[in-house]
2 protein chains.
Amino acid sequence: MMDLRLPPDVRVTESMREHCPLRDTLDRIGDRWTVIVVVLLRDGPRRFTDLRRAAAGISQRMLTHTLRSLERDGLLTRTVHPTVPPRVDYELTPAGRSLTEPLTALLHWSLRHHEHVRASRASYDDR
Amino acid sequence: MMDLRLPPDVRVTESMREHCPLRDTLDRIGDRWTVIVVVLLRDGPRRFTDLRRAAAGISQRMLTHTLRSLERDGLLTRTVHPTVPPRVDYELTPAGRSLTEPLTALLHWSLRHHEHVRASRASYDDR
DNA sequence: CCGAATCCTGACCGATACTG
DNA sequence: CAGTATCGGTCAGGATTCGG
């Protein structure tokens, strides 16, 4: 596991030594769409096409992939309604909802600092 | 910009409409090592080789790249000490330090939920 | 000790076409 | 409406080597 200088009250288990939890989590949410989808679901369940519209730029394939792997990890549930036409709802589990807290914090950081980063990047590139 | 259902007190500027800040931030920190490096620097400046040891598994090339792009974005400073052998310190700027708050929240989430995710993934894969 | 330059591979992901 | 299947390009990032 990474040397993260954890506070003393964190119990480091055996499995953490082999797979750094932070590394795992970053591999988990570090793809192009996972964070977006989780944030879009933070206010309640949404349908496939609704998510597709809200996550501007995502392809059908990537939305399916993203939702599947979130379901696999127990972060959301998939509910199929046997109607015509079909209707599928996606909703965060409690674990998934708990993830929205750090991600929302990250969203707020990005809103507050995105101008500073843009400016700093531009001035760096001038040289 | 992504339809993120922002709280009404957030002012959405023109530049945000063109470049979604969350998308930008995720592109920024979504690579394999940025978050790790920022977290490793949260308690103060560290040297190159020190970081290389702490970030288990990183290559020299990627550490250099990661540090450069963080410097470019104004999130850390690079200080070269003209000694023999050379010595270079990296330290977060105030903006960089402010980023450690959401990232530390993410670290804590990963420590708390990594077992749940592992278990859920395993049971999903059994079917 | 710190870093630049090259080469190279796998996977991420978009485009497109097709189903119940 | 909500997927699945297939193909292929691009690119992050690892390995290695060389320089100050």
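Residues numbered from 1 in each chain as written. Chains lettered and ligands numbered in written order. Predicted model: local features only at pLDDT ≥ 70, side-chain atom pairs only at ≥ 80, totals over all residues. Heavy atoms only, no water.

*Asks:* Would you mind showing me how to read the sheet that holds strand S2 (residues 76–81) of chain A here?
*Replies:* Backbone-to-backbone hydrogen bonds pair the strands of a sheet. The strands run either parallel or antiparallel. All names here are of chain A. Ordered by their spatial adjacency, 3 strands build an open sheet running S1-S3-S2, and the pairing between neighbours is antiparallel. Strands at the two margins of the open sheet, each flanked by one partner only, are strand S1 (46–47) and S2. Summarising the sheet, S2 and strand S3 (residues 87–92) pair through 6 bridges and their orientation is antiparallel. Paired with Thr77 across the strands is Glu91, a residue of S3. Sitting on the sheet, helix H5 (residues 60–72) is in contact with S2 and S3, with an inclination near 115 degrees to S2. (Pairing = 2+ DSSP bridges. Helix = DSSP H or I, 4+ residues; strand = E, 2+ residues; numbered from the N terminus. Contact = heavy atoms within 4.5 Å. Axes fitted to C-alpha atoms, helices over the stretch in contact; angles between N-to-C directions.)

*Asks:* How do you make sense of the interface of chain B and chain A when you look at a structure like this?
*Replies:* Often, the extent of an interface is quoted as the loss of accessible area upon association of its parts. Taken together, the contact pairs 60 residues of chain B with 59 residues of chain A. For the pair chain B and chain A, the two sides together bury roughly 5,500 Å², of which 63% comes from carbon and sulfur. The three residues of chain B that bury the most area against chain A are Arg72, Trp109 and Leu111 of chain B, which together make up 12% of that side's buried surface. The interface formed by chain B and chain A contains 6 salt bridges. Taking the shortest distance from any N to any O, the salt bridge between Asp125 of chain A and Arg72 of chain B comes out at 2.8 Å. Linking chain B to chain A there are 25 residue pairs in polar contact (both at pLDDT 80 or more). Mapped onto the side of chain B that touches chain A, the elements with two or more residues apiece are helix H1 (14–18), helix H2 (21–29), helix H3 (34–40), helix H4 (48–54), helix H5 (60–72) and helix H6 (94–125) of chain B. Per-element tally for the side of chain B that touches chain A: the top contributor is H6 of chain B, with 21 residues. Per-class residue counts for the side of chain B that touches chain A are 30 nonpolar, 11 polar and 19 charged. (Buried area = accessible area lost by both parts, 1.4 Å probe. Salt bridge = Lys/Arg side-chain N within 4 Å of Asp/Glu carboxyl O. Polar contact = N/O pair within 3.5 Å; in protein donor to acceptor, adjacent residues only side chain to side chain. Nonpolar A, V, L, I, M, F, W, Y, C, P; charged D, E, K, R; others polar.)

*Asks:* I keep staring at the protein's contact with DNA strand D and nothing clicks. Help me out?
*Replies:* In the vicinity of DNA strand D lie 20 residues, with Thr49, Arg78 and Tyr90 of chain A together with Arg32 and Arg61 of chain B positioned nearest. Expressed as a percentage, the sugar and phosphate content of the atoms of DNA strand D within 4 Å of the protein is 59%. One of the side-chain nitrogen or oxygen atoms of Arg68 of chain A is found 3.1 Å away from a phosphate oxygen of DNA strand D. One of the backbone nitrogen or oxygen atoms of Val88 of chain A is found 3.5 Å away from a phosphate oxygen of DNA strand D. At the level of secondary structure, the elements contributing two or more residues to the surface near DNA strand D comprise helix H4 (48–54), H5 and S3 of chain A together with H5 of chain B. Ranked by residue count, the leading element in the surface near DNA strand D is H5 of chain A, at 4 residues. Tallied by class, the residues present in the surface near DNA strand D amount to 8 nonpolar, 4 polar and 8 charged. (Near = heavy atom within 4 Å.)

*Asks:* Just checking my understanding: could you explain the environment of Val12 of chain A for this structure?
*Replies:* All names here are of chain A. Looking at the element boundaries, Val12 is found in the segment before helix H1 (14–18). For Val12, a relative accessible area of 34% translates into the label partly exposed. Those residues in contact with Val12 that lie beyond four places of it in its chain are Met1, Leu6 and Arg17. (Buried < 20%, exposed > 50% of the residue type's maximum accessible area, 1.4 Å probe, protein only.)

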